[in-house]
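Coordinate analysis (summary)
If you want the building blocks of each chain, they are given just below.
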Amino acid sequence: SQQGEEDPQALSIQEGENATMNCSYKTSINNLQWYRQNSGRGLVHLILIRSNEREKHSGRLRVTLDTSKKSSSLLITASRAADTASYFCALYSGAGSYQLTFGKGTKLSVIP
Amino acid sequence: DTGVSQDPRHKITKRGQNVTFRCDPISEHNRLYWYRQTLGQGPEFLTYFQNEAQLEKSRLLSDRFSAERPKGSFSTLEIQRTEQGDSAMYLCASSRGTAGTEAFFGQGTRLTVV
């Protein structure tokens, strides 16, 4: 099974700035998902983008998907201190695979 | 609370002891996943159930690990003869029946083997 790889591994920004993190993968996908994890807690689903979609919005989140480049990006606009967390991309690889795999994540720190 | 719940939240055990964790998924979800997460890493897939059938197991799941989901409801993950390398957060997630949907995670069980 494949997993996505997030970039950068860590990101530190000031409150109010935008944060962009990227995810690259290697083979075909049905969809790609982004999750957030606050320190020591469980993961929370943020957004799912299907392989036939190019962009999706949810509140201050914007996700893009470029299947030709096998990459996705997550943009958080007007960041807040509460956005401090680790962000993971996750994907199911191929038909019949129920294995939802995660990358190592991007650790975002938003400084008040 | 209708989310995924895990019990216990924390477990400290001595090396060589057996431990068992429980996961109660969202009631209408027939898919259930177990993951292991160590510090600074993403969750690593361990195993997957569709109803009561265990359909996928990771190579990470050695013969000291066993998981069950009797009657397709709650699930248990047992680790026998624990080792210090088993120290990690064990996460459970559930999802609806269609492949490719979002997964809902519990808060995890943090295992420390001393």
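Throughout what follows, the structure given in this document is the object of discussion. Note that the structure is predicted; figures quoted are calculated from it, not measured. (Residues numbered from 1 in each chain as written. Chains lettered and ligands numbered in written order. Predicted model: local features only at pLDDT ≥ 70, side-chain atom pairs only at ≥ 80, totals over all residues. Heavy atoms only, no water.)

This part takes up the sheet that holds strand S6 (residues 55-58) of chain A. Residue and element names in this part refer to chain A. Taken together, five strands build an open sheet; the order of strands is S1-S3-S8-S7-S6 and the sheet is antiparallel. Pairing within the sheet leaves two strands with one partner each, and these edge strands are strand S1 (5-7) and S6. Neighbour-to-neighbour, the strand axes of this sheet turn through a mean angle of 20°, independent of strand direction. Pairing between strand S7 (residues 61-66) and strand S8 (residues 71-76): six bridges, direction antiparallel. Among the inter-strand pairings, leucine 61 is bridged to a residue of S8, identified as isoleucine 76. (Pairing = 2+ DSSP bridges. Helix = DSSP H or I, 4+ residues; strand = E, 2+ residues; numbered from the N terminus. Axes fitted to C-alpha atoms, helices over the stretch in contact; angles between N-to-C directions.)

A few words now on the side chain of B:Ser75. All names here are of chain B. Topologically, serine 75 is positioned in strand S8 (residues 75-79). Looking at serine 75, its side chain comes within polar contact range of the side chain of tryptophan 34, at 2.9 Å. Among residues more than four places away in sequence, those in contact with serine 75 are Phe21, Arg22, Cys23, Leu32, Trp34, Phe49, Glu68 and Arg69. (Polar contact = N/O pair within 3.5 Å; in protein donor to acceptor, adjacent residues only side chain to side chain. Contact = heavy atoms within 4.5 Å.)

Our focus in this paragraph is the pairing of strand S6 (residues 53-57) of chain B. Bridge count for strand S5 (residues 44-50) of chain B against S6(B) is four bridges, and the pairing is antiparallel. Bridging from a neighbouring strand, B:Gln50 pairs with B:Ala53 of S6(B).

Next up on the list: the nonpolar core. Residue and element names in this part refer to chain A. Counting 22 residues, the largest nonpolar core has Met21, Leu32, Trp34, Leu74, Ile76, Tyr87 and Leu108 as its most contacted members. Of all elements in the fold, only strand S3 (19-24), strand S4 (29-37), strand S5 (43-50), S7, S8, strand S9 (85-93) and strand S11 (106-111) reach the threshold of two or more residues within this core. In terms of residue count, S9 provides more of this core than any other element does, four residues in total. If near-sequence neighbours (up to four positions away) are discounted, leucine 108 is found in contact with Leu11, Ile13, Ala19, Met21, Ile76, Asp83, Thr84, Ala85 and Tyr87. (Core = buried A, V, L, I, M, F, W, Y, C linked by side-chain atoms within 4.5 Å. Buried < 20%, exposed > 50% of the residue type's maximum accessible area, 1.4 Å probe, protein only.)

Time to look at the interface of chain B and chain A. Each partner contributes to the interface: chain B provides 23 residues, whereas chain A provides 20 residues. Buried area between chain B and chain A, both sides added, is near 1,700 Å², and the carbon and sulfur share of it is 51%. Along the contact surface separating chain B from chain A lie zero salt bridges. At the junction of chain B with chain A, the criterion picks out seven residue pairs in polar contact (both at pLDDT 80 or more). Elements with a contribution of two residues or more to the side of chain B that touches chain A: strand S4 (31-37), S5 and strand S9 (88-95) of chain B. For the side of chain B that touches chain A, the element with the highest residue contribution is S4(B), accounting for four residues. In terms of residue class, the side of chain B that touches chain A is built from 10 nonpolar, nine polar and four charged. (Buried area = accessible area lost by both parts, 1.4 Å probe. Salt bridge = Lys/Arg side-chain N within 4 Å of Asp/Glu carboxyl O. Nonpolar A, V, L, I, M, F, W, Y, C, P; charged D, E, K, R; others polar.)

Let's shift gears to the state of the cysteines. Here the structure, examined in full by the defined rule, presents two disulfides over all chains. Put simply, A:Cys23 and A:Cys89 are joined by a disulfide, and their sulfur atoms are 2.1 Å apart. Taking the sign of the torsion about the S-S bond as the criterion, the disulfide between A:Cys23 and A:Cys89, at about 65°, is right-handed. Residue A:Cys23 is found in strand S3, and its partner A:Cys89 is found in strand S9; the two are separated by 66 residues along the sequence. The buried category is assigned to A:Cys89, whose relative accessible area is 0%. Between the sulfur atoms of B:Cys23 and its disulfide mate B:Cys92 the distance is 1.8 Å. Residues B:Cys23 and B:Cys92 share a disulfide whose torsion about the S-S bond is about -65°; that sign makes it left-handed. (Disulfide = S-S within 2.5 Å.)

A separate point is the environment of B:Val19. Residue and element names in this part refer to chain B. Positionally, valine 19 belongs in strand S3 (residues 19-24). Among the residues examined, valine 19 registers a relative accessible area of 3% and is labelled buried. Note: C-alpha distance between valine 19 and leucine 61 (42 residues apart in sequence) is 15 Å. Setting aside anything within four residues of it in sequence, one finds valine 19 in contact with Lys11, Thr13, Leu77, Glu78, Ile79, Thr82 and Leu111.

All right, on to the packing of aromatic side chains then. Evaluated as defined, the whole model comprises 10 aromatic pairs over all chains. Ring centres of A:Phe88 and A:Phe102 lie 6.4 Å apart, and the angle between their planes is 85°; on these two criteria the pair is classed as edge-to-face. Here A:Phe88, found in strand S9, pairs with A:Phe102, found in strand S10 (residues 100-102); they are 14 residues apart in sequence, far enough to count as distant. Note on accessibility: A:Phe88 and A:Phe102 belong to one class, buried. Between B:Tyr35 and B:Phe45, the aromatic rings sit 6.0 Å apart at their centres with planes inclined by 80°, giving edge-to-face as the arrangement. Taken together, the residues span a long stretch of sequence, with B:Tyr35 in strand S4 and B:Phe45 in strand S5 at a distance of 10 residues. Considered together, B:Tyr35 and B:Phe45 belong to a single accessibility category, that of buried residues. Members of the aromatic cluster, connected to one another through ring pairs, are A:Tyr35, A:Phe88, A:Phe102, B:Tyr33, B:Tyr35, B:Phe45, B:Tyr48 and B:Phe105. Lying across the ring of B:Phe74, B:Arg22 places its NZ or CZ 3.9 Å from the centre. (Phe/Tyr/Trp six-rings, centres within 6.5 Å; stacked < 30°, edge-to-face > 60°. Lys NZ or Arg CZ within 6 Å of the ring centre and 35° of its normal.)

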